[in-house]
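Coordinates in review
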Amino acid sequence: FAEIDPPTVMMTFSVNDGPFSGKEGKHVTSREIRDRLLREARTNVSIKFEDADKAGEFKVSARGAMQVAVVVEEMRREGFEVLVSRPTVIKKRIDERWHEPFETLYLEVPDADLGNCMQALANRKGKIEAMSARNDRTNLEVTIPTRGIIGFEFELLNLTSGEGIMSHLFKEYRPDSGDIRTRRTGTLVSMEKGDSVTYALNNIETRGKLFIGAGDQVYEGMIVGENPRAEDLPVNPTKVKHVTNHRAAGSDKTVTLTPPILFSLERAIEYIAPDELVEATPDNIRLRKRILDSNERRKAVKRAAAPSD
């Protein structure tokens, strides 16, 4: 038998505590989620499951984000609602030092995009081991920390206009490679609950890229777009235009919004930051902050920044 690669990433699953909880799914309790994950771990050799320290939260370990995304997708279809965290890598203590998993990453990219791709790999602590060019395309073999791969496919598609191809295999555990920043953008976070309107989205669009369209339901703490700058920006997608005269009332109909960026489950899981979650329900995939209340979020950031005694 070929040996199965060890689980290298871990994600937490938890009960949906958002404002729309229970509106779209029929399995929403922590007990139902736990039983379902337990069943999965018994029949799926690539998934490992354990209870987390926090009540109603469970740790699921796997070979990569995609395997977990497949499980979440199945759960959605079965009527579950669940919150899923960004993947974190499973580290090991070897000879008194922390070691992390590394992968061999195979890439094929258009020659024109090679420079940008190499820069992106360097940012993610990737080391190029081999390189060959043919027919205006370059093949790369790269050794990279597993952390560096999380979210890279999304970046690769952007860098190569959808033409880059990648695959990866577990290589070994090596000493921790230090800080890696995989996402360099912030988010546009809704301040209000309600239905989004064209007028508000048209204004928000000047700040960044939208993840929602007009008429979508939003709530406070939900991520509705991407801010090109590193910080998060509060926005109000429900803000209605005050009509000052009769002629202005219909002018919204002429506004054309850029189509929103729609996330697959795997892309959403790899996109979110550590302080964010993916809300997966039978009807929707939403991105949100862990702490929905903006005041509570600010307090949490201050607490995290305060020096510990």
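Read on for an overview of the structure. (Residues numbered from 1 in each chain as written. Predicted model: local features only at pLDDT ≥ 70, side-chain atom pairs only at ≥ 80, totals over all residues. Heavy atoms only, no water.)

Here we come to the pattern of salt bridges. Counted according to the given criterion, the structure contains 24 salt bridges. For aspartate 176, the salt bridge identified is with lysine 91, shortest N-O distance 2.4 Å. Separated by 85 residues along the polypeptide, aspartate 176 in the loop between strand 10 (165-175) and strand 11 (186-190) and lysine 91 in the loop between strand 5 (88-89) and strand 6 (92-94) bring together distant segments of the chain. Here lysine 127 makes a salt bridge to glutamate 129, at a shortest N to O gap of 3.8 Å. Classification of glutamate 129 as partly exposed rests on a relative accessible area of 37%. (Salt bridge = Lys/Arg side-chain N within 4 Å of Asp/Glu carboxyl O. Helix = DSSP H or I, 4+ residues; strand = E, 2+ residues; numbered from the N terminus. Buried < 20%, exposed > 50% of the residue type's maximum accessible area, 1.4 Å probe, protein only.)

Okay, the environment of tyrosine 106 next. Within the secondary structure layout, tyrosine 106 lies in strand 7 (residues 97-110). As a C-alpha pair, tyrosine 106 and glutamate 192 span 86 residues in sequence and 44 Å in three-dimensional space. Sequence-distant contacts of tyrosine 106, that is, excluding residues within four places in its chain, are made with Leu140, Glu141, Ile165, Met166, Ser167 and Leu169. (Contact = heavy atoms within 4.5 Å.)

Phe13, Leu37, Val72 and Leu287 are the most contacted members of the largest nonpolar core, which has 29 residues in total. In terms of residues, this core owes the most to one element, helix 2 (residues 65-77), which gives five residues. Setting aside its immediate chain neighbours within four residues, phenylalanine 13 contacts Leu37, Gly56, Glu57, Phe58, Val60, Val68, Val72, Met75, Val82, Leu83 and Val84. Among the nonpolar cores identified, the runner-up in size contains 14 residues, and Leu114, Ala120, Ile149 and Met166 belong to it. (Core = buried A, V, L, I, M, F, W, Y, C linked by side-chain atoms within 4.5 Å.)

A grouping of Met118, Ile128 and Met131 is seen on the molecular surface, where their side chains present a nonpolar patch of about 230 Å² in accessible area. With respect to the secondary-structure elements, methionine 131 resides in strand 8 (residues 127-134). With a relative accessible area of 46%, methionine 131 lands in the partly exposed category. (Patch = residues over 30% accessible without salt bridge, like charges linked within 9 Å, V, L, I, M, F, W, Y side chains within 5 Å. Areas by Shrake-Rupley, 256 points an atom, 1.4 Å probe, with all protein chains shown as cover.)

Mapped onto the fold, proline 260 is located in the loop between strand 16 (233-235) and helix 7 (265-271). What makes proline 260 partly exposed here is its relative accessible area of 28%. Along the primary structure proline 260 and alanine 214 are separated by 46 residues, whereas in three dimensions their C-alpha atoms are 9.6 Å apart. What proline 260 contacts, discounting residues up to four positions off in sequence, is Leu210, Phe211, Ile212 and Gly213.

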